[in-house]
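Residues per chain are reported as follows:
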Amino acid sequence: MGVGLEHFLILSAVLFAIGLYGVLAKKNAVVILMSIEIMLSAVNIAMVAFSRYSQSITGQVFVIFIMVVAAAEAAVGLALIIAIYRRRKTVDAEKFDLMKW
Amino acid sequence: MPAELVLAIFLLPFFSFAIISFVLRPFFNHRPLLSGYVTIAAIGISLVLSIWALIEVSGAPHHILQMPDYEWVVIGDTVIRIGVTVDALAVVMLIVVTSVSLMVQIYSLGYMKGDGGFCRYFAFMSLFTGSMLGLVLADNLLFLFLFWEGVGLCSYLLIGFWFHKPEAARAAMKAFLVTRLGDFGFLAAILLLYAKTGTFDIGELQNLALTGAIGGTVLTWAAIGVFSGAAGKSAQFPLHTWLPDAMEGPTPVSALIHAATMVAAGVYLVARMFPVFASSTTAITTVAIIGGFTAIFAASMGLVMNDIKRVLAYSTISQLGYMMLGLGTVGVGISTGYISLEHGLALGVAVGIFHLFTHAFFKSLLFLGAGSVSHATGTFDMREMGGLRKAMPWTFFTFLIASLSLAGIWPLAGFWSKEGILAASFHYVPVLFYLAIITVFMTAFYIFRVIFLTFGGEYRGTDQGSHGLHESPVVMLVPMVILAILAVVAGLLPINEFLGGESHSFFGALSHPLAWVSLVWAGGGIFLAYAIYGAKWLSAASLRQRFAPIHTLFSRKYWFDELYENLFLMRLLVNGIFAALHWFDDHIIDGAVNGIAGGTVAVGTVVRRLETGQLQAYGLAIFVGILAIVACVFIFS
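What you see is a predicted model, and the numbers here were worked out from it, not measured in a lab.

**Re the overall build of chain A**
Helices and strands together make up the secondary structure of chain A, namely three helices and zero strands. Tracing chain A from N to C terminus, the helices and strands come up as α-α-α. Taking 101 residues into account, the globule formula puts the C-alpha radius of gyration at 13 Å, and chain A, at 17 Å, lies well above it. Its C-alpha atoms put chain A at 50 × 25 × 25 Å along the principal axes. Across the 101 residues that make up chain A, the buried fraction comes to 11%. Across chain A, contacts joining residues at least 24 apart in sequence account for 47% of those joining residues at least 6 apart.

**Considerations on helix H10 (residues 251-260) of chain B**
Across the 10 residues that make up H10 of chain B, a large majority, 10, are buried. Taken together, the buried positions of H10 of chain B are Thr-251, Pro-252, Val-253, Ser-254, Ala-255, Leu-256, Ile-257, His-258, Ala-259 and Ala-260 of chain B.

**As for the interface of chain B and chain A**
Listed as interface residues are 10 residues of chain B and, on the opposing side, 11 residues of chain A. Looking at the side of chain B that touches chain A, its residues break down into three nonpolar, five polar and two charged.

**Concerning the pairing of strand E3 (residues 78-83) of chain B**
The side chains of a regular strand alternate between the sheet's two faces. Residue and element names in this part refer to chain B. Looking at chain direction, strand E2 (residues 69-75) and E3 are connected through six bridges and run antiparallel. Each residue of the ladder has a partner; that of Asp-69, found in E3, is Gly-83. Joining the antiparallel neighbours E2 and E3 is a turn of two residues, in which Gly-76 adopts a positive phi near 60°.

**With respect to the environment of Gly-198 of chain B**
Residues and elements named next belong to chain B. Structurally, Gly-198 is set in the loop between helix H6 (166-197) and helix H7 (202-211). We classify Gly-198 as exposed; it has 9 C-beta atoms within 10 Å. Residues Gly-198 and Thr-78, spaced 120 residues apart in sequence, show a C-alpha to C-alpha distance of 9.1 Å.

The rules we used
- Residues numbered from 1 in each chain as written.
- Chains lettered and ligands numbered in written order.
- Predicted model: local features only at pLDDT ≥ 70, side-chain atom pairs only at ≥ 80, totals over all residues.
- Helix = DSSP H or I, 4+ residues; strand = E, 2+ residues; numbered from the N terminus.
- Rg over C-alpha atoms; globule rule 2.2 N^0.38 Å.
- Buried ≥ 20, exposed ≤ 12 C-beta atoms within 10 Å, placed from the backbone.
- Contact = placed C-beta atoms within 7 Å.
- Nonpolar A, V, L, I, M, F, W, Y, C, P; charged D, E, K, R; others polar.
- Pairing = 2+ DSSP bridges.

So, in structure tokens, the structure goes:
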């Protein structure tokens, strides 16, 4: 039995679910950021898999773009976390409630 | 006569108004007399053109000049054409307005000298004269209404000329609002006539009324509506309360607007629409009764006033009542069949307008005399005058002539025109004749009371001392002398015949017993005034005590001001309707707006609890939402 498209998609879905769980449930902002990276990776896997199976290079080009944007996003996100840590001495997401009524 | 020159009669004063407002006032304010000269020149030319028109009309067939008309308003298929009517009635009015206006403007040069608002005064006076002449010439009800409101506006502006005086500002407002009440009826009548006939043209409306194309209730209501406008302008009962207060304006204004011209516009309107009125018995009877009643009602209040201008104001109301009476009684004569339609239409206009003509001269002269007196004494209160005969011989002499004319003494102007009215009421409505003849007595009494209090006896003023009394400057005396001459001869001019009335010979009038009746009553009034205020055989104070209730009734003006202001204005309007509207505004309108706002806030207070500020909670909500959408897509697609 060879490795088919569905295996890649299942892997992608599992990774996405793990990432989503991390984003919604974890308290540490750094962990949330890491979870977002996992979700992006899941998307990338799916993209590459579709690209391979549909004989089209477009998906792989997108993946390169996504990785660049994800790197930039991670840099910005970490910078924000550091800035907020300097003010509040915490990275607990539940304490960030400035948008509360 | 070229049509352009007829238009120039009323356009020239407007032009003068424009020059004063836009050139003289901004750039030549340091030479205010210029504005007076411009006004006088414009009105002088108008007078010359009016005399020319008079000559042309008297030579024309049926006393009417054919004039071109112009397109004014085009709305779809509806075209409103305007033009001018140049007939006997119009030219007589033109002569009255331009000549009295010219005299008053010359007089004003002296009277208003040194006033800070000199330019403004003459600008308004020009505007007024232009509007009044336009009113007289207009051949179209809508066009006429435009000028009708124009003279009302000028009246407001000139009564409130010294607007820094609270009484003047108040009087101006009162005049404006009370006449507006009448104008409401007038406008409604114009619209009613238009709705029924599709025309604003006065000539066409007259023909339609005479041929019976409009009639019945519509015609009656339209005529009564027009009369309500006329009653407001001419200060007829029950809209008379504004005119005495209007005396707060400068005296030449009272002489021109509130004695000779604008207040006579109501009478002119009834005369102009006379065929319409005469076609409705109810309407013309109303005119006659209101006129006759106003004549005696206003005269009774004039008996007891202490302010010289107020006596003259009540006298004006009373005389305007006479004019309405003259028009009304002849109209009643027509509708009851005592007089043929063709003859009656001309006679009614002649009777009413002839008195308007003579009254304009002697009443404006009386006002100018009152102004001259106050120029010397600084007051209008007759209790602080007296003995002015020696100091002011010219003023006294002209005032005396005007008073005799007003009292209707042969052969002065007032006699001839008043005779016509008395004769008409005697023949057609005898009941009103008795009111009119009592009014003759009252008129003679109150005007000679003024003479004896002002010019007779000794000077009673305190503040200035007798050495301050002086005759007025020549520029004021010349117009008064000219008007005095007119007050003598105006009745002898063939105006009555020109308008279609009956002619009288100079001595032949005295052969009629009616003339002697009115002369005896007038003489009795003069004698009683002499007995009380001249010779002092009867004490004014003891008479006042004996007839205290009547005196109070007259001097409090039958409590009409109180009735209107306290009952109608305060109780009914302010505390009744306005209070209800205020409550509605406060509770219903504002309540609805505030209720919606309050409800929104209340809902928001509950719903905002959902906004926890937790990003992860929002994320979860988004996730659940997307799941729900996807589920829906799968289920329903």
